[in-house]
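# Chain and residue survey
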Number of protein chains: 2
Amino acid sequence: MDDIINTLSEAPLFATLTPSVLNDISKNAHPNAHKKGKILFIHGDPAEHYYIVKSGHIKLFRETVDGTQTIIDVLSQGNVFGHTLVFEENTYPYSAEIAESGIIISLPLSDLRDALYNDNTIAINMLRATTNRLRLREKELEHRSTQNASQRIACFFLRHTLQRKNDSLVIHLPYDKMLLAAHLGMQPETFSRALLKLKKDTGIRIEGSSIYLNTLDRLSSYVCSSCSERFPCNG
Amino acid sequence: MDDIINTLSEAPLFATLTPSVLNDISKNAHPNAHKKGKILFIHGDPAEHYYIVKSGHIKLFRETVDGTQTIIDVLSQGNVFGHTLVFEENTYPYSAEIAESGIIISLPLSDLRDALYNDNTIAINMLRATTNRLRLREKELEHRSTQNASQRIACFFLRHTLQRKNDSLVIHLPYDKMLLAAHLGMQPETFSRALLKLKKDTGIRIEGSSIYLNTLDRLSSYVCSSCSERFPCNG
DNA sequence: CGAGAAGTTGAGCGGCATCAATTGTAGTGG
DNA sequence: CCACTACAATTGATGCCGCTCAACTTCTCG
């Protein structure tokens, strides 16, 4: 149980809450081990729980009638999802599938709802978090129209080297290339070719799912000219 | 001054507020007439005000160093923007330009901030509104990868006939085609050709900036198969 | 009425998707 | 532990959608 509270308080969303509030929202929390491929919920299901990723990866996606999937996001450790459905009578706006086996903590939305209406801090934290997410989506929309396939991959690398604090210039792809391709809005074949082009253009070294780079400069000058943000950006 | 309060209370964001709170946030509000082309603020400026559109249209956009613009959104009457920068020390994440002359009410973020920290209702309203916006962006991202140019135009038409309650099947383009093209993420030339194709495929009639359709069915079957939502959707 | 912008149309090109075939890899069960 | 299988990943060939450049027409407004 302490374990759960620890995981919760690692999320920015809940970090600043008082222990008593934290206790209230986590009193009905349940950690569950899930295997790859498991569907947590489907687009349109009535929403009753929200989730926190303790380990593994979650794919959030939507699909059209003909089965075409679009990835909304891929979540990893510490990420919260489904909490935006806290308002009454909501249904999930996307489906969630385990992309990489791991442990997911599920919490009832009703507990969060109670806390939300009582404690202003939660509302403000959630507002902050949702605003940030909105910013990310806007940026993503920009990238889709200003950056080509190779640049989007490079941009992903830059964001993921900056995230890990140590300055060893190695990137380990967090999940398989098919999913990464879909996340970046391209076909696997295109991903493969674009990665090859990126290698030629910037001199990165690729070994399976590890990417080695000598410097960030070449990557950033390759990408950031097609972006409205200055270089050390937050994604 | 009553005028301002009226405009404010039309926005869902402020609709449910008590008169006293509404008074607090609008006490330093100023309506300003602006002409087309006027820049309200630029991406990166320190944010001190937020705005409500009383009339006219606002273009929110970002641009890369080489001058390429991407449209974040085009706002019309009743829309609020900039309010998500209510948290301290923020800068505008995009630029805002008057796309169609009109009256814009500006309000200091500091007043909103005070109200936000005091009144839970505002925080919750803002959370609701921001969450909705996030959903729209996610849907837009989906549309960019599943729909072609003609379908995106048709989707725009559908959303805009549903908005106006009367069932006269006439759509008046709310702003000029160049801006609409940019908003839908395509070039003006592409827009022109795609509209022609749409006409051929669905039998709509086009007269300048007015679009006539006999029925919604043909449009919806043309578009909604490439979307994860069921037909009468909210955009 | 004239100037400048919006809008349309044409020609050509390039990036990405698609289809198809092959190689690489990881997980499964005998 | 290896053989088998299923899927991930790469590579090739081809086609199409939307971008670009350019010319022309239509509209808007001073």
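Residues numbered from 1 in each chain as written. Chains lettered and ligands numbered in written order. Predicted model: local features only at pLDDT ≥ 70, side-chain atom pairs only at ≥ 80, totals over all residues. Heavy atoms only, no water.

## Observations regarding the sheet that holds strand E11 (residues 210-212) of chain B
All names here are of chain B. Spelled out, the test is: Whether two strands pair comes down to DSSP finding at least two bridges between them. Working definition: helices are DSSP H or I runs of at least four residues, strands are E runs of at least two. Numbering for both runs from the N terminus. Only the contacting stretch of a helix is used when fitting its axis, a line to C-alpha atoms as for every element, and angles between N-to-C directions run 0 to 180 degrees.
Read across the sheet, three strands follow the order E9-E11-E10 without closing on themselves; strand pairing throughout is antiparallel. Two strands bound the open sheet, and with one partner strand each, they are strand E9 (170-172) and strand E10 (205-207). Strand-to-strand twist across the sheet, computed as the mean angle between neighbouring axes with direction ignored, equals 20°. Across three bridges, E9 lies against E11 in antiparallel orientation. From the neighbouring strand, Val170 faces E11, where its bridge partner is Tyr212.

## Points about helix H1 (residues 2-10) of chain B
All names here are of chain B. As a reminder, the rule being used: The classification of residues rests on relative accessible area computed with a 1.4 Å probe and restricted to protein chains. Under 20% of the type maximum is buried, over 50% is exposed, and intermediate values are partly exposed. By arc we mean the arc of the directions from the helix axis to the C-beta atoms, nothing more. In this analysis, two residues are considered to be in contact whenever any of their non-hydrogen atoms come within 4.5 Å of each other.
All of the buried residues along H1 are Ile4, Ile5, Thr7 and Leu8. Seen along its axis, H1 keeps its buried residues to an arc of 160°; they face one direction. More than 90 degrees from the buried face of H1, the exposed residues found are Asp2 and Glu10. Taken together, the buried residues of H1 touch helix H2 (12-15), helix H3 (19-26), strand E1 (30-34), strand E3 (49-53) and strand E8 (102-108).

## Section: the protein's contact with DNA strand C
Condition: The near set for a molecule or strand comprises every residue that places at least one heavy atom within 4 Å of it. We define a polar contact as two N or O atoms separated by no more than 3.5 Å, with the added condition that, inside protein, one atom must be a possible hydrogen donor and the other a possible acceptor, whereas residues neighbouring each other in sequence contribute only through side-chain atom pairs.
Surveying the vicinity of DNA strand C reveals 15 residues, the closest of which are A:Ala149, A:Thr190, B:Lys177, B:Met178 and B:Arg193. Taking all atoms of DNA strand C within 4 Å of the protein, the share assigned to sugar and phosphate is 63%. Interatomic distance of 2.9 Å between a backbone N/O atom of A:Ala149 and a phosphate oxygen of DNA strand C. Here a base oxygen of DNA strand C sits 3.1 Å away from a polar atom, N or O, in the side chain of A:Arg193. If you list the elements that add at least two residues to the surface near DNA strand C, you get helix H8 (188-202) of chain A together with helix H7 (177-183) and helix H8 (188-202) of chain B. No other element matches H8(B), which puts four residues into the surface near DNA strand C.

## A look at the interface of chain B and chain A
Note the following rule: When two components associate, each loses some accessible surface as probed by a 1.4 Å sphere; the sum of these losses over both components is called the buried area. A pair is scored as a salt bridge if a Lys or Arg side-chain nitrogen falls within 4 Å of a carboxyl oxygen belonging to Asp or Glu. Each residue is assigned to one of three groups, with Ala, Val, Leu, Ile, Met, Phe, Trp, Tyr, Cys and Pro labelled nonpolar, Asp, Glu, Lys and Arg labelled charged, and all others, Gly among them, labelled polar.
Chain B puts 43 residues into the contact, and the matching count from chain A is 44 residues. For the chain B face of the interface with chain A, the top three residues by lost area are B:Arg62, B:Leu127 and B:Leu141, together amounting to 16%. Between chain B and chain A we count six salt bridges in total. Among the ionic pairs, B:Arg128 bridges to A:Glu88, the shortest N-O distance being 2.6 Å. The tally of links between chain B and chain A comes to 14 residue pairs in polar contact (both at pLDDT 80 or more). Elements that contribute at least two residues to the side of chain B that touches chain A include exactly strand E4 (57-63), strand E5 (69-75), helix H4 (109-118) and helix H5 (120-146) of chain B. Looking at the side of chain B that touches chain A, the element that brings in the most residues is H5(B), giving 20 residues. Among the residues forming the side of chain B that touches chain A, the class breakdown is 15 nonpolar, 13 polar and 15 charged.

## Remarks on the domain arrangement of chain A
Residues and elements named next belong to chain A. Where we set the bar: Here the limits of each domain have been adopted from an automatic or database domain assignment.
On domain assignment, one finds that chain A holds domain 1 (2-138) and domain 2 (147-224). Centre-to-centre separation of domain 1 and domain 2, based on C-alpha positions: 28 Å. With eight residues of domain 1 at the interface, the matching set in domain 2 holds six residues. Broken down residue by residue, the surface that domain 1 buries against domain 2 is led by His57, Ile71 and Val74, which jointly contribute 64%.

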